[in-house]
Amino acid sequence: MRWFAAFYTVGFCCALSVVASAADPGPAESLKSFSDFQQVDFNRLLNGDVLSERGSLMDFPNGISSQTCFVVPTSAEETAKRLQLWDPLPHAELKVFAFHSLHSPCELADFQQLDFKTGQRPVRWLLDKIVASTPAKSDVNLTHDEAQQLAGCIQKRSDPQKVSECTAALLLGRALAFQQKGLDGAQPYEAGGESVSPAVQLRTMLREQLVIAHEFSPILNKIGLLANEAAPTLTPFYYWTLFDADYRGTISLGAVYQLPVGDHFQLVDMEYYVSGNYYTSATLYEVWPVDVGGKHGALVWRGDFFAAPMLAFTKGTERIAYGALMLQDIKKEIHCFQDEAKTKQ
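On a predicted model such as this, the values are computed, not experimentally measured, just so you know.

Q: Looking at this structure, I do not really get the overall build of the protein chain. What am I missing?
A: Counting its secondary structure elements, the protein chain contains 11 helices and eight strands. The globule rule puts the C-alpha radius of gyration for 345 residues at 20 Å, and the 21 Å found for the protein chain is close to it. Each of the 345 residues in the protein chain was classed as buried or not, and the buried ones make up 52%. Surface exposure of the protein chain reaches about 15800 Å², of which carbon and sulfur atoms provide 52%. Each charge class in the protein chain was averaged separately, 29 positive and 39 negative side chains, and the resulting centres sit 5 Å apart.

Structure follows, in structure tokens:
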């Protein structure tokens, strides 16, 4: 596999002129039509670089976005499949503690690996916040009913195993509601003192990016993110994950949708529940086939949209710094994905 990595570096560079001429009439022009990448340096992309741009400032105070562009040495179809099912758990640098797929309909057994019996400091932080939750106040994103259910569940026992069981039951309810009703089943967060709807947060951010929303309207309409469409339905990959977000343990529930559009693919990775630190996120991908020195490759545009409460209090250089840190983490994740694609041929 080390041999292939060397081939990727040398062989791709030797094929630059072929790639550039093949890609310019199609994917490059498509990129220019909706993204911030008006000039695409394919030499950098083929060397494994990730192009990035901070998204434009939003009127929506909780929102922030970014755009990235990169190349993967697998076909567009294979790249889209891997993006939909990608498991970040093997990459220690991403600080993911657990990642599991969910059945449809999901069941309690899908959450049996949720375990708060660990020495990881971020997970211990989350455990403490869950135990401290009351029906009136919680640092965890919950409805009033969920906060009451959680407090009642752990009232007599607050050991890590019991908290894991109580939290798993809460996540099961959230996941089942989403599987049955889509975003209409994503209940708002209330325990923090105000009602915050993940669906409203996502839709507001995307409606501020009208050009991007129009480009992704084929898939956004089908999954109900911008409008409701009864058929055809898209079957997503459902998952839950536990990870470190700014030194805080965070649980999220998500769904990744994929749609072929002509000769390319669109994907949406949507977090419809996040336990804390931020409200929700959506990652959009567009994947085009490109010819790389006679071999199949894929050009990928990625757009990330995050909604977080602390963003409402950041302005100027502070918000720019936040965007730079966000891009740093996104690039780290992309490089892990690229490295995996190089070795799993």
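Q: In this structure, what is going on with helix H5 (residues 121–131)? I would like to understand it.
A: Along an α-helix, residues three or four positions apart point the same way, because every turn accommodates 3.6 residues. Every buried residue belonging to H5 is among Pro 122, Val 123, Leu 126, Leu 127 and Ile 130, and all of these are buried. Axial view of H5: buried residues confined to an arc of 145°, hence all on one face.

Q: Is there a simple way to think about the confidence of the model for the protein chain in this case?
A: Any residue range with low pLDDT should be treated as having predicted coordinates unsuitable for detailed reading. This prediction gives the protein chain a mean pLDDT of 88; 90% of its residues lie at or above 70. Overall, residues 1–25 carries pLDDT values under 50, and its contacts beyond four positions in sequence, including any with other chains, amount to 34 contacts.

Q: Would you explain the sheet that holds strand E3 (residues 96–101) in this entry?
A: By way of backbone hydrogen bonds, the strands of a sheet pair with one another, either parallel or antiparallel. Taken together, the eight strands give an open sheet; going across it, the order is E1-E2-E8-E7-E6-E5-E4-E3, and neighbouring strands pair in antiparallel fashion. In this open sheet, the two strands that pair with only one neighbour each are strand E1 (51–54) and E3. Averaged over all pairs of adjacent strands, the angle between their axes in this sheet comes to 20°, without regard to strand direction. Note that E1 and strand E2 (residues 63–72) share four bridges and pair antiparallel. Of the residues in E2, the one forming a bridge with Ser 52 is Thr 68. This element, H5, spans E3, strand E4 (237–245) and strand E5 (248–261) of the sheet and lies at about 100° to E5.

Q: Is there a simple way to explain the side chain of Asn 141 in this structure?
A: Mapped onto the secondary structure, Asn 141 falls in the loop between H5 and helix H6 (144–153). Separated by 2.7 Å, the side chain of Asn 141 and the backbone oxygen of Val 274 make a polar contact. When residues no more than four places from it in sequence are discounted, the contact partners of Asn 141 are Tyr 189, Tyr 273, Val 274, Ser 275, Gly 276, Tyr 278 and Tyr 279.

Q: Would you mind going over the side chain of Gln 209 with me for this structure?
A: In this structure, Gln 209 sits in the loop between helix H8 (198–207) and helix H9 (210–215). Apart from the residues within four sequence positions on either side, Gln 209 is in contact with Ser 56, Met 58, Ser 65 and Phe 305.

Q: For this particular structure, what's the right way to read the state of the cysteines?
A: Among covalent bonds in proteins, the disulfide is the one between the sulfur atoms of two cysteines. Evaluation of the coordinates by the stated rule reveals one disulfide. Here Cys 153 connects covalently by a disulfide to Cys 166, the sulfurs 1.9 Å from one another. Taking the torsion about the sulfur-sulfur bond, which here is approximately -80°, the covalent link between Cys 153 and Cys 166 counts as left-handed. Taken together, the residues Cys 153 in helix H6 and Cys 166 in helix H7 (residues 160–181) connect sequence positions 13 residues apart. The class for Cys 166 is buried, based on a relative accessible area of 2%.

Rules used throughout
- Residues numbered from 1 in each chain as written.
- Predicted model: local features only at pLDDT ≥ 70, side-chain atom pairs only at ≥ 80, totals over all residues.
- Heavy atoms only, no water.
- Helix = DSSP H or I, 4+ residues; strand = E, 2+ residues; numbered from the N terminus.
- Rg over C-alpha atoms; globule rule 2.2 N^0.38 Å.
- Buried < 20%, exposed > 50% of the residue type's maximum accessible area, 1.4 Å probe, protein only.
- Areas by Shrake-Rupley, 256 points an atom, 1.4 Å probe, with all protein chains shown as cover.
- Lys, Arg positive; Asp, Glu negative; His and termini not counted.
- Charge placed at Lys NZ, Arg CZ, Asp CG, Glu CD.
- Arc of directions from axis to C-beta.
- pLDDT = per-residue confidence, 0-100.
- Contact = heavy atoms within 4.5 Å.
- Pairing = 2+ DSSP bridges.
- Axes fitted to C-alpha atoms, helices over the stretch in contact; angles between N-to-C directions.
- Polar contact = N/O pair within 3.5 Å; in protein donor to acceptor, adjacent residues only side chain to side chain.
- Disulfide = S-S within 2.5 Å.

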